Amino acid sequence: MKKIVILILVFTSINTFSQKFEGLAETPPLGWNSWNTFATDINEQLVKDIADKFVELGLKEAGYEYIVLDDGWMAKERDTHGNLIADPIKFPSGMKALADYIHSKGLKFGLYNCAGSKTCAGYPGSRGFEYQDARSYASWDVDYLKYDWCNTDKLNAEGAYITMRDALKAAGRPVVFSICEWGDNEPWKWAKDVGHAWRVTGDIINCWDCEVGHGSWSSWGVWKIINMRKDIRKVAGPGHWNDFDMMEVGNGMADAEDRTHFAMWTMLTSPLIMGNDLRVASKETIKTLANKEVIAVNQDKLGIQGFRFSNEGDFEIWIKPLENDAWAITFVNMSDKPLSLNFDWEKHDIGDDVNGKRMEAKQQKFKIRDLFNHKNLGDTSKNLMAEIQSHDVLMVKLEKK
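Positions within a chain are numbered from 1, following the residues in the order the chain's sequence is written. The predicted origin of the model limits local features to residues at a pLDDT of at least 70 and limits the giving and counting of side-chain atom pairs to 80 or more, whereas totals for whole chains, interfaces and linings rest on all residues. Calculated side-chain values reflect all of the structure's heavy atoms, with hydrogen atoms and water omitted.

Student: What is the right way to read the pairing of strand β20 (residues 393-400) from this model?
Tutor: As a general feature of sheets, a regular strand has side chains that alternate between the two faces. For two strands to be treated as a pair, DSSP must find at least two bridges joining them. Think of it this way: any DSSP run of H or I at least four residues long counts as a helix, any run of E at least two long counts as a strand, and we number them from the N terminus. Bridge analysis of strand β13 (residues 327-333) against β20 gives six bridges, and the strand direction is antiparallel. Its bridge partner being in β20, I329 is matched across the sheet by V396. As defined by bridge partners, strand β17 (residues 366-370) adjoins β20 across five bridges and the pair is classed as antiparallel. Each bridged residue has a counterpart across the sheet, and for R369 the counterpart in β20 is K397.

What follows is the structure, encoded as structure tokens:
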């Protein structure tokens, strides 16, 4: 009998141990990552400047909290004990001091590594060092780990990410675990209990709808990424999100395209991870990124990923159910010229069959709120009429009257 009890306790202990940290990323993470603008050209002062800008520009107040260093923060070689160390030129004070600075601003600190022997930029990867690296992250007070998939040879993706998940849990410090596997091994089928978010595509690039080839792989424009995956919205929810990659808002697209990009990442409940240089960001870029009404749609507690409702001519219409029977609806002008919208609520049966939700506009009037322009647009008793510029968006929230 004693042996049975011991075996049950051991099994229970292992089962409890082999879980990700719960209670994190209950809504999609909001933050900033260094890669899209700076690649490996990062340093201590840059990161401190970004932390300062979070506060100065109102981004912290808007809900952004994670500052994540991507590839290139570490030295080219581990130390004599096999430990990761910060590049002494780029980060002379080390990671713990940098984490302390970020935490002093009321923000959270994130780092990058890779499941392979080397990172994508050729720095030391975590293969074979998972538990040692996780202990280092814990000692530096790291709050977020982005974990890439380069130089993995014949590793099994699910197994590799489970190993790092267990290493983080063993290290004892709660860490948001961001799986950057590019969707090649369909992480939406297995990653719910492994990480808090998982990439569903390859890398984004700052264009509307292009593909840029790099030999064996490609970078993808905003709409290429949006259209790449089908039937995965049902797996997203509190603590486990489809990640459509870091944002390119402020990195060279038109302001209208930036608004649409931001609106769509919000509708898709993707993590909202900025990738621009906040030190030189335009007022229009910050106006978009710090829009609390739009961010609130992304952070809605239901955590339901939005979906394409219809294509009407050159308009795409996306809908997302929200708590308290509210709805977010986004009208996107896909054409190269301004278009007039005339939307009759009574002619459209708006609903979400996956989640069993219907709007019932014929029986119930809804107030309409323009989220980008912060103004009320009447209610659903009348057609919604608007002029929408090329590649721009009208994003509205509907609440029962």
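Student: Got a minute to help me understand the side chain of D258 in this structure?
Tutor: You can see D258 is positioned in helix α9 (residues 255-267). Note on exposure labels: buried denotes an accessible area under 20% of the residue type's maximum, exposed denotes more than 50%, and partly exposed covers the range between, all computed with a 1.4 Å probe on protein chains only. For the purpose of charge, His is not counted, nor are the chain termini; Lys and Arg are scored as positive and Asp and Glu as negative. A pairing counts as a salt bridge when a side-chain nitrogen of Lys or Arg comes within 4 Å of a carboxyl oxygen of Asp or Glu. Buried within the structure, D258 lacks any salt-bridge partner; R259 is the closest side chain of opposite charge, at an N-O distance of 8.0 Å. Here the side chain of D258 touches G250 through a polar contact of 3.0 Å, landing on its backbone nitrogen. Excluding residues within four positions of it along the chain, D258 makes contact with E248, V249, G250, M253, T285 and T288. Between N or O atoms, a polar contact is any pair within 3.5 Å; within protein, one atom must be a potential hydrogen donor and the other a potential acceptor, and residues adjacent in sequence are included only when both atoms are from side chains. Residues are treated as being in contact if the distance between any of their heavy atoms lies within 4.5 Å.

Student: Would you mind going over the nonpolar core with me for this structure?
Tutor: Across soluble globular proteins, you tend to see nonpolar side chains buried next to one another. Throughout this description, the term nonpolar core refers to a set of buried Ala, Val, Leu, Ile, Met, Phe, Trp, Tyr and Cys residues connected via side-chain atoms within 4.5 Å. Counting residues in hydrophobic clusters, the biggest one holds 92 residues, and the most contacted among them are Y64, L69, W73, M95, F262 and W265. Among residues more than four places away in sequence, those in contact with M95 are L69, W73, A86, F109, L111 and W140. Core analysis: the second largest hydrophobic core is formed by 21 residues, F315, I319, F331 and F343 among them.

Student: Help me understand the packing of aromatic side chains in this model?
Tutor: The relation between two aromatic rings is expressed through the spacing of the ring centres and the mutual angle of the planes. Pairing of aromatic rings covers Phe, Tyr and Trp, the last through its six-membered ring, and needs centres within 6.5 Å; plane angles under 30 degrees mean stacked, over 60 mean edge-to-face, and all others mean tilted. If you walk through the whole model with that rule in mind, you get 14 aromatic pairs. Aromatic pair W208 and W223: ring centres 5.8 Å apart, planes at 55°, arrangement tilted. In this pair, W208 sits in the loop between β6 (197-199) and β7 (211-213) while W223 sits in helix α8 (residues 222-226), placing the two residues 15 residues apart along the sequence. The buried category is assigned to W223, whose relative accessible area is 1%.

Student: In this structure, what is going on with the packing of helix α3 (residues 44-56) against helix α5 (residues 94-104)? I would like to understand it.
Tutor: Axis angle and axis distance: for two packed helices, these are the angle between their axes and the distance between the axes, and together they describe the pair. Each axis is a line fitted through C-alpha atoms, taken for helices only over the stretch in contact, and angles between the N-to-C directions span 0 to 180 degrees. Interaxial distance between α3 and α5 falls to 10 Å at its minimum, and their mutual angle equals 15°. Judged by the inter-axis angle, α3 sits roughly parallel to α5. For the pair α3 and α5, the sense of crossing is right-handed. Contact with α3, carried on its side by E44, V47, K48, A51 and D52, involves G94, L98, Y101 and I102 of α5 and no other residues of that element. Orientation labels follow simple angle bins: below 35 degrees gives roughly parallel, above 145 gives roughly antiparallel, 65 to 115 gives roughly perpendicular, and whatever is left gives oblique. By definition, any crossing whose near helix is turned counterclockwise from its far helix by less than a right angle is left-handed, and any crossing with a clockwise turn is right-handed.

Student: Got a minute to help me understand the sheet that holds strand β12 (residues 315-321) in this structure?
Tutor: The antiparallel open sheet is built from six strands, whose spatial order is β11-β12-β13-β20-β17-β18. Bordering the open sheet on either side are β11 (307-312) and β18 (375-379), each of which pairs with just one other strand. Adjacent strand axes in the sheet meet at a mean angle of 25° when their direction is disregarded. Strands in contact with α9 are β12, β13 and β20; relative to β13, the strand with the most contacts, it is inclined by about 145°.

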